[in-house]
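Observations on the model geometry
So the chains spell out like this:
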Amino acid sequence: MKSWEKKIQWSDNYSYFKAWKKGLTGFPIIDAGMRQLNKLGWMHNRLRMITSNFLVKNLLINWRYGEKYFMIRLIDFDYSLNNGNWTWIASIGTDSVPYIRTFNPYLQSKKFDFNGFFIKKYIPELKHVPKKYIHEPHIWLKKNKLSKIYPNPIINYHKNKNIFIKQIKKILQR
């Protein structure tokens, strides 16, 4: 692991971690992936990358918590792969380049679940949300006074991503 990893200031916000685990972050692709994991004990590798990246670089939660959660939940768990994947996604592994791998959950969602079929399968409360809004349903839900059926995003994606990037840049300049 990189020596500067000890200097990262994680927020370790337990309510964010709990929302991530339950699939209640307000980011549909993240929530659908986590709900699939909780239901089946499995998720596609792309979803593992998106959800883990979100936990570390957007919620600013120490990667070790996510690693442990995946360890408990994954039916295809492998210690070496799980640990390696989490250190890679946290940009602290042996081959890591810091802050470059930030996955935008909105863009990932549009790219890998364009029509929202996967999202609607695992988040049935969004089944009536039109395709145009499925990746950011809070807009449509608010407009139609249905905000209570699904949570608003728990963070501002762009703001939190920049917090992580600035922190890493500052650490590396020392």
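Residues numbered from 1 in each chain as written. Predicted model: local features only at pLDDT ≥ 70, side-chain atom pairs only at ≥ 80, totals over all residues. Heavy atoms only, no water.

Re the overall build of the protein
Stated formally: Runs of E in the DSSP output that reach at least two residues are strands. Runs of H or I that reach at least four are helices, and both are numbered from the N terminus. Categorising residues by exposure relies on relative accessible area from a 1.4 Å probe, with only protein chains included: less than 20% of the type maximum marks a residue as buried, more than 50% marks it as exposed, and the intermediate range marks it as partly exposed. Note on contacts: a residue pair qualifies if any of its non-hydrogen atoms lie within 4.5 Å across the two residues. For every accessible area listed, the method is Shrake-Rupley and the probe measures 1.4 Å; residues are considered covered only by the protein chains on display. The charge count includes Lys and Arg as positive and Asp and Glu as negative, but it does not include His or the ends of the chains. For charged residues, the charge sits on one atom: NZ in Lys, CZ in Arg, CG in Asp, CD in Glu.
The helix and strand inventory of the protein stands at 9 helices and 0 strands. Order of helices (α) and strands (β) in the protein, N terminus to C terminus: α-α-α-α-α-α-α-α-α. A burial count over the protein gives 51% of its 174 residues as buried. Across the protein, every contact between residues at least 6 apart in sequence was considered, and the portion connecting residues at least 24 apart equals 68%. Accessible surface for the protein amounts to roughly 9,400 Å². Of this, 55% is attributable to carbon and sulfur atoms. Of the charged side chains in the protein, 32 are positive and 10 negative, and the gap between their average positions amounts to 8 Å.

Things to note about helix α2 (residues 28-40)
Rules: To estimate the expected span of a helix, subtract one from its residue number and multiply by 1.5 Å.
Along its 13 residues, α2 runs 18 Å from first to last C-alpha, staying within 8% of the 18 Å computed at 1.5 Å per residue. Counted residue by residue, α2 has 10 buried out of 13 residues, so it is predominantly covered. Listed in full, the buried residues belonging to α2 are P28, I29, I30, D31, A32, G33, M34, R35, Q36 and L37. Packed against the buried residues of α2 are α1 (14-22), α3 (45-58), α4 (63-73), α6 (105-112), α7 (117-122) and α8 (137-143). Positioned one or two residues after α2, G41 has a phi angle of 80°, which is positive.

Overview of the layout of surface pockets
This is how the line gets drawn: Definitions used for this entry: grid spacing 1 Å over protein atoms alone; cavity, a set of points where a 1.4 Å probe fits but cannot get out; pocket, an open set with protein on both sides within 12 Å along at least 5 of 7 lines; lining residue, one with an atom within 4 Å of a point. Grid points are joined across faces, edges and corners, and a volume is the space filled by probe spheres set on the points. The classification used treats Ala, Val, Leu, Ile, Met, Phe, Trp, Tyr, Cys and Pro as nonpolar, Asp, Glu, Lys and Arg as charged, and all other residues, Gly among them, as polar.
Within this model, the largest pocket holds a volume of roughly 210 Å³. Lining the largest pocket are 15 residues, and of these N45, R48, L81, N82 and N85 lie nearest its centre. Listed by contribution, the elements that provide at least two residues to the lining of the largest pocket are α3 and α5 (79-89). A total of 6 residues in the lining of the largest pocket trace back to one element, the largest contributor, which is α5. A per-class count over the lining of the largest pocket returns 8 nonpolar, 4 polar and 3 charged.

Side note on the side chain of N82
Mapped onto the fold, N82 is located in helix α5. Given a relative accessible area of 6%, N82 falls into the buried group. With sequence-adjacent residues up to four places away left out, N82 is seen in contact with E67, F70, M71, L74 and F77.

Here's the deal with the environment of K110
Relative to the helices and strands, K110 is located in helix α6. Along the primary structure K110 and K6 are separated by 104 residues, whereas in three dimensions their C-alpha atoms are 35 Å apart. Apart from residues lying up to four places away in sequence, K110 is in contact with H135 and E136.

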